[in-house]
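# Structural description and commentary
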Amino acid sequence: METGAPNDSSDLAHTWSVFFALMAAAFRYPDDRQIALISEGVFCDELMACLAQIAPDLENEVNGSALAQTGTNDDLQLEYTRLFDVTSSAAGCSLHSGFYRGPRMSQMEELLRFYNHFGLSLIEGQSELPDHLTTQLEFLQ
């Protein structure tokens, strides 16, 4: 009887879970804790460990040293707002999927039903809406 196979699939599932958590963190509004994890190399190390398991071909494409040189929290917050806040910039790219497939309220209702189908619900007081990319990545986690 082979005992390695179940562990391999559970290890892979865990790696995907960590990867989705990292991606959710990467698309959150930057705070001091997140900046520290990036600048200290912790974020990159975890990302590289995940990629080594789930997408080894991409591992060589990630520039870890560039990732560690993120700048100050103010720099990242300004850039985050410029890129993702569609109310502050005409060139912004919304992280809310409801803006791309309408009507938005129907999309959020559908996502909530989907989350509830799997026994999950939004945390009370959560700042992000159901259609935000971080919420969807946390669901995948």
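Everything here concerns the structure above.
Below, the structure is looked at part by part. (Residues numbered from 1 in each chain as written. Predicted model: local features only at pLDDT ≥ 70, side-chain atom pairs only at ≥ 80, totals over all residues. Heavy atoms only, no water.)

### Concerning helix H8 (residues 133-140)
Buried within H8 we find Thr134, Thr135 and Leu137. Along the long axis of H8, the arc covered by the buried residues comes to 165°, so they all point the same way. (Buried < 20%, exposed > 50% of the residue type's maximum accessible area, 1.4 Å probe, protein only. Helix = DSSP H or I, 4+ residues; strand = E, 2+ residues; numbered from the N terminus. Arc of directions from axis to C-beta.)

### Quick word on helix H7 (residues 104-117)
For H7, spanning 14 residues, the distance from its first C-alpha to its last is 20 Å, which sits close to the expected 20 Å at 1.5 Å a residue. Those residues of H7 lying buried are Gln107, Met108, Leu111 and Tyr115. Burial along H7 is one-sided: seen end-on, the buried residues are contained in an arc of 95°. For H7, exposure combined with an orientation more than 90 degrees from the buried face picks out Met105, Arg113 and His117. Buried residues along H7 sit in contact with H8. (Expected span 1.5 Å × (residues − 1). Contact = heavy atoms within 4.5 Å.)

### Considering the nonpolar core
Formed by 13 residues in total, the largest nonpolar core has its most connected members in Phe19, Leu22, Met23, Phe43, Leu47, Leu51 and Leu137. When sequence neighbours within four positions are dropped, the list of residues in contact with Leu137 reads Phe20, Met23, Ala24 and Phe27. (Core = buried A, V, L, I, M, F, W, Y, C linked by side-chain atoms within 4.5 Å.)

### Description of the environment of Arg104
With respect to the helices and strands, Arg104 occurs in helix H7. Overall, the relative accessible area of 23% leaves Arg104 in the partly exposed class. Sequence separation between Arg104 and Asp131 is 27 residues; the distance between their C-alpha atoms is 8.4 Å. Once you skip the residues sitting within four places of it in the chain, Arg104 turns out to touch His96, Gly98, Phe99, Leu129 and Asp131. One polar contact links Arg104 to Asp131, side chain to side chain, over a distance of 2.8 Å. (Polar contact = N/O pair within 3.5 Å; in protein donor to acceptor, adjacent residues only side chain to side chain.)

### Thoughts on the pattern of salt bridges
Applying the stated rule across the entire model yields 3 salt bridges. As a salt-bridge pair, Arg28 and Glu138 come within 2.4 Å of each other at their nearest N and O atoms. Taken together, the positions of Arg28 in the loop between helix H1 (4-26) and helix H2 (32-39) and Glu138 in helix H8 put the pair 110 residues apart, joining distant regions of the chain. With relative accessibility at 33%, the residue Arg28 sits in the partly exposed group. Note on Glu138: relative accessible area 31%, which makes it partly exposed. A salt bridge links Arg82 to Glu79, with the shortest nitrogen-to-oxygen separation between them at 2.6 Å. (Salt bridge = Lys/Arg side-chain N within 4 Å of Asp/Glu carboxyl O.)

### Considering the packing of aromatic side chains
Scanning the model with the defined rule gives 10 aromatic pairs in all. Each ring, one from Phe27 and one from Phe84, has its centre 6.0 Å from the other, and the planes form 65°; the classification is edge-to-face. Of the two residues, Phe27 is situated in the loop between H1 and H2 and Phe84 in helix H6 (residues 73-84); the sequence distance between them amounts to 57 residues. Exposure remark for Phe84: the relative accessible area of 21% places this residue in the partly exposed category. For the pair Tyr80 and Phe84, a centre-to-centre distance of 5.1 Å together with 65° between the ring planes defines the contact as edge-to-face. Linking Tyr80 with Phe84, this pair stays in helix H6, spanning 4 residues, or about one helical turn. The exposure class assigned to Tyr80 is buried, which follows from its relative accessible area of 13%. (Phe/Tyr/Trp six-rings, centres within 6.5 Å; stacked < 30°, edge-to-face > 60°.)

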